[in-house]
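Spelled out, the chains give:
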Amino acid sequence: MGLYKPTSGIISIGNDNLSNINIQSWRNCIGYVGQDVFLFHSSIKDNICTGVKSVDFDFLRRVCKYAELDDFIMGMSKGYDTVVGDRGLTLSGGQRQRISIARALIRNPDILILDEATSALDQETASNVMKNIMKYMSDKTVIVVTHRKDVLKYADHIYNLDGKKATEVT
């Protein structure tokens, strides 16, 4: 994401050095979901669509279905207009994570980074969300950082990180 500069070596995107690429353009290609989610005191729709100029409601609902979120939202009295309170106080950790996943997917990124993005979900919901994400991102790159071994079945390549060393698991 270009948040840190390498202390040695370079990071390449294709044949281009990341330091030679317009960083804002590069970041617009990336969706990021971490385990710590920040939500605004606003509606669910506004929290998902943060930073996106305009969104078709049908597309918003489709993205929320991928995040296993639409049924929950539609069951609320104000649906997508439900205000979640400061930092999403009225929601569970899993609901907040799924809103964060929908927030990343609504941007239709070329690269999606999931950093323990399903840690607050039960195993069945996490599995369904991962299956949906992989279908949605089938022609794109998904980078998953996880301790959940069941998520690894969706990976084309698996790397084990140990200190400063990454080794591919075969």
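Anyway, here's the lowdown on the structure attached to this text. Please read these numbers as outputs of a predicted model, since none were measured by experiment. Here, residues in each chain are numbered from 1, in the same order as that chain's written sequence. Totals for whole chains, interfaces and linings use every residue, but because this is a predicted model, local features are given only for residues with pLDDT of at least 70 and side-chain atom pairs only at 80 or more, for both listing and counting. Hydrogens and water molecules were not included; the side-chain quantities draw on all heavy atoms of the structure.

1. Concerning the pattern of salt bridges
Turning to step 1, where the next piece is worked out: Between Lys or Arg on one side and Asp or Glu on the other, a salt bridge is scored when a side-chain nitrogen of the former is within 4 Å of a carboxyl oxygen of the latter. Per the stated rule, a full pass over the model turns up two salt bridges.
Turning to step 2, where the next piece is worked out: Note that Arg 61 and Asp 70 form a salt bridge whose closest N and O atoms lie 2.7 Å from each other.
Turning to step 3, where the next piece is worked out: According to the relative accessible area criterion, Asp 70 is buried, its value standing at 4%.
Turning to step 4, where the next piece is worked out: Between Arg 148 and Asp 150 there is a salt bridge whose closest N-O contact spans 3.9 Å.
Turning to step 5, where the next piece is worked out: Relative accessibility decides the category of a residue: with a 1.4 Å probe and only protein chains considered, values under 20% of the type maximum give buried, values over 50% give exposed, and everything between is partly exposed. Residue classification places Arg 148 among the buried positions, given a relative accessible area of 17%.

2. A word on the sheet that holds strand β3 (residues 30-33)
Turning to step 1, where the next piece is worked out: Two strands form a pair only when DSSP identifies at least two bridges running between them. Note on conventions: DSSP H or I runs of at least 4 residues are helices, E runs of at least 2 residues are strands, and numbering of each starts at the N terminus. Pairing is parallel across the open sheet formed by three strands, whose spatial order is β3-β4-β5. In this open sheet, the two strands that pair with only one neighbour each are β3 and β5 (141-145). For this sheet, the mean inter-axis angle between neighbouring strands, taken without regard to orientation, is 10°.
Turning to step 2, where the next piece is worked out: Pairing of β3 with strand β4 (residues 111-115), which is carried by four bridges, proceeds in the parallel orientation. Opposite Ile 30, over in β4, you have Ile 111 as the bridge partner.
Turning to step 3, where the next piece is worked out: Contacts are assigned to residue pairs that have any heavy atoms within 4.5 Å of one another. Note on definitions: angles span 0 to 180 degrees between N-to-C directions of axes, and those axes are lines fitted to C-alpha atoms, for helices only across the stretch in contact. Lying over the sheet, helix α5 (residues 93-105) contacts β3 and β4, oriented at roughly 175° with respect to β3.

3. Observations concerning a nonpolar patch on the surface
Turning to step 1, where the next piece is worked out: Each patch is built from residues lacking any salt bridge and having more than 30% relative accessible area; the joining distance is 9 Å for like charges and 5 Å for nonpolar side chains (Val, Leu, Ile, Met, Phe, Trp, Tyr). All accessibility values rest on the Shrake-Rupley procedure with a 1.4 Å probe; residue burial counts only the protein chains present in the view. Taken together, the side chains of Met 1, Leu 3, Tyr 4 and Tyr 32 make up a nonpolar region of the molecular surface, amounting to roughly 490 Å² of accessible area.
Turning to step 2, where the next piece is worked out: By the element assignment, Tyr 32 lies in strand β3.
Turning to step 3, where the next piece is worked out: Taking relative accessible area as the criterion, Tyr 32 reaches 40% and is therefore assigned partly exposed.

4. A look at the pairing of strand β6 (residues 158-162)
Turning to step 1, where the next piece is worked out: In this structure, β6 lies alongside strand β7 (residues 165-169), joined through five bridges in antiparallel fashion. Counterpart to Asp 162 in the pairing with β7 is Lys 165.
Turning to step 2, where the next piece is worked out: Count of turn residues in the β6/β7 antiparallel hairpin: two residues, of which Gly 163 carries a positive phi of about 65°.

5. Digging into helix α3 (residues 57-66)
Turning to step 1, where the next piece is worked out: Burial in α3 covers these residues: Phe 59, Leu 60, Val 63, Cys 64 and Tyr 66. With its buried residues spanning 150° around the axis, α3 presents them on a single face.
Turning to step 2, where the next piece is worked out: Residues of α3 that are buried in the fold lie against α2 (44-48), α4 (70-74), α5 and α6 (123-136).
Turning to step 3, where the next piece is worked out: Put simply, Asp 56 is the residue that caps the front of α3, since its side-chain oxygen is 3.2 Å from the backbone nitrogen of Asp 58.
Turning to step 4, where the next piece is worked out: Residue Glu 68 follows α3 closely and has a positive phi angle near 55°. This arc is built from the directions going out from the helix axis to the C-beta atoms. In protein, a polar contact requires one atom able to donate a hydrogen and another able to accept it; more generally it is a pair of N or O atoms within 3.5 Å, and residues adjacent in sequence count only if both atoms are side-chain atoms.

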